[in-house]
Amino acid sequence: MIRGRAAWAFLAGTLAAGELAAQTPNPQVEALLRRGVALRQRGDDAGALEQFQRARAIADEPRVLAQIALAEQALGRWVDAARDLRAAVAHEEDPWIRRNAAALAGARDEIMRHVGGLTVQGPGATGELRIDGDRVAALPMSDPTVVLAGERALEVRREGYAPWSHALTVRAGELNRVEVPALQALVITPPPPAIAPRR
């Protein structure tokens with residue numbers, strides 16, 4: 001079992017009937033949250049995540065997003081968990097987020113042991129950024145992106161230019177910076193002119 005279950009157990013305890021009714025008058029959302037909590041209690045984190053995501057499609061509330069992040073954490077989906085938890089706790093004025101700030105901070109600390117921030121800059125930082133073959137961001141970047149810690153293969157692609165590749169060890173819990181040099185323009189040689197056949 002992934003660590004961080006204790007933090008989730010504390011948060012699940014706040015999903016009492018009174019609080020659900022007070023914050024989410026939509027009975028469908030309430031039912032989905034309760035079903036997700038019950039699934040997590042039985043160890044079915046994937047099933048719980050599906051219920052929480054369905055709830056979010058109806059009511060995009062900070063506490064729903066936090067439950068999604070905690071389920072992702074339990075599944076080891078560290079990058080998704082980091083992004084969703086950061087988005088949830090950004091709502092500092094939300095009463096549920098304020099009440100559970102300590103537990104959410106504990107979950108964040110655990111998640112950050114598995115991910116790092118990444119910012120890509122430099123004259124060649126245009127086009128798109130790929131990590132381990134997956135497109136993760138458009139360049140130039142407005143904000144750092146979240147990346148799984150460890151050895152990562154970076155690639156910058158831009159139409160008309162040769163791709164730039166770089167091996168990077170992403171340090172967990174830190175902001176990692178990469179400087180991209182100017183990309184080399186591709187030289188396209190036109191095909192030779194066609195020669196008419198002799199008659």
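In case you missed it, the structure is sitting above this.
Residues numbered from 1 in each chain as written. Predicted model: local features only at pLDDT ≥ 70, side-chain atom pairs only at ≥ 80, totals over all residues. Heavy atoms only, no water.

Student: Just checking my understanding: could you explain the sheet that holds strand β7 (residues 175-179) for this structure?
Tutor: Sheet strands line up and pair through hydrogen bonds in the backbone, either parallel or antiparallel. Judged by pairing direction, the sheet is mixed, and its three strands sit side by side in the order β4-β1-β7 without closing on themselves. The sheet is open, and its two borders are formed by β4 (145-148) and β7, each paired with just one other strand. Sheet twist, expressed as the mean angle between neighbouring strand axes with direction ignored, is 40 degrees. As defined by bridge partners, strand β1 (residues 115-121) adjoins β7 across five bridges and the pair is classed as parallel. Bridging from a neighbouring strand, G117 pairs with L175 of β7. (Pairing = 2+ DSSP bridges. Helix = DSSP H or I, 4+ residues; strand = E, 2+ residues; numbered from the N terminus. Axes fitted to C-alpha atoms, helices over the stretch in contact; angles between N-to-C directions.)

Student: Looking at this structure, how should I read the layout of surface pockets?
Tutor: If a probe as big as a water molecule is rolled over the atoms, it shows which places are left empty. Of the voids in this model, the largest pocket is the one considered here, and its volume is about 250 Å³. Lining of the largest pocket is provided by 14 residues; of these, A82, R86, R108, M112 and V146 occupy positions nearest its centre. Listing elements by their share of the lining of the largest pocket, those giving two or more residues are α6 (78-89), α8 (101-111), β1 and β4. Ranked by residues supplied to the lining of the largest pocket, first place goes to α6 with five residues. Looking at side-chain class alone, the lining of the largest pocket contains nine nonpolar, three polar and two charged residues. Of the voids in this model, the second largest pocket is the one considered here, and its volume is about 200 Å³. Residue lining of the second largest pocket: V79, R83, I131, D132, D134, R135, V136, V146, V147, L148 and R152, and that is the complete set. Breaking the lining of the second largest pocket down by element, the ones donating at least two residues are α6, β3 (134-139) and β4. Its residues assigned to classes, the lining of the second largest pocket comprises six nonpolar, no polar and five charged. (1 Å grid on protein atoms, 1.4 Å probe; cavity = no way out; pocket = protein on both sides within 12 Å on 5 of 7 lines; lining within 4 Å. Points joined across faces, edges and corners; volume = space filled by probe spheres on them. Nonpolar A, V, L, I, M, F, W, Y, C, P; charged D, E, K, R; others polar.)

Student: Explain the pairing of strand β2 (residues 127-131) here, please?
Tutor: The side chains of a regular strand alternate, residue by residue, between the two faces of the sheet. Burial of β2 is extensive: four of the five residues sit out of reach of the surface. Between β2 and β3, which pair antiparallel and follow one another directly, the connecting turn spans two residues, one of which, D132, has a positive phi of 55 degrees. With four bridges connecting them, β2 and strand β5 (residues 150-157) associate as antiparallel partners. Directly across from R130, in β5, lies its bridge partner E155. (Buried < 20%, exposed > 50% of the residue type's maximum accessible area, 1.4 Å probe, protein only.)

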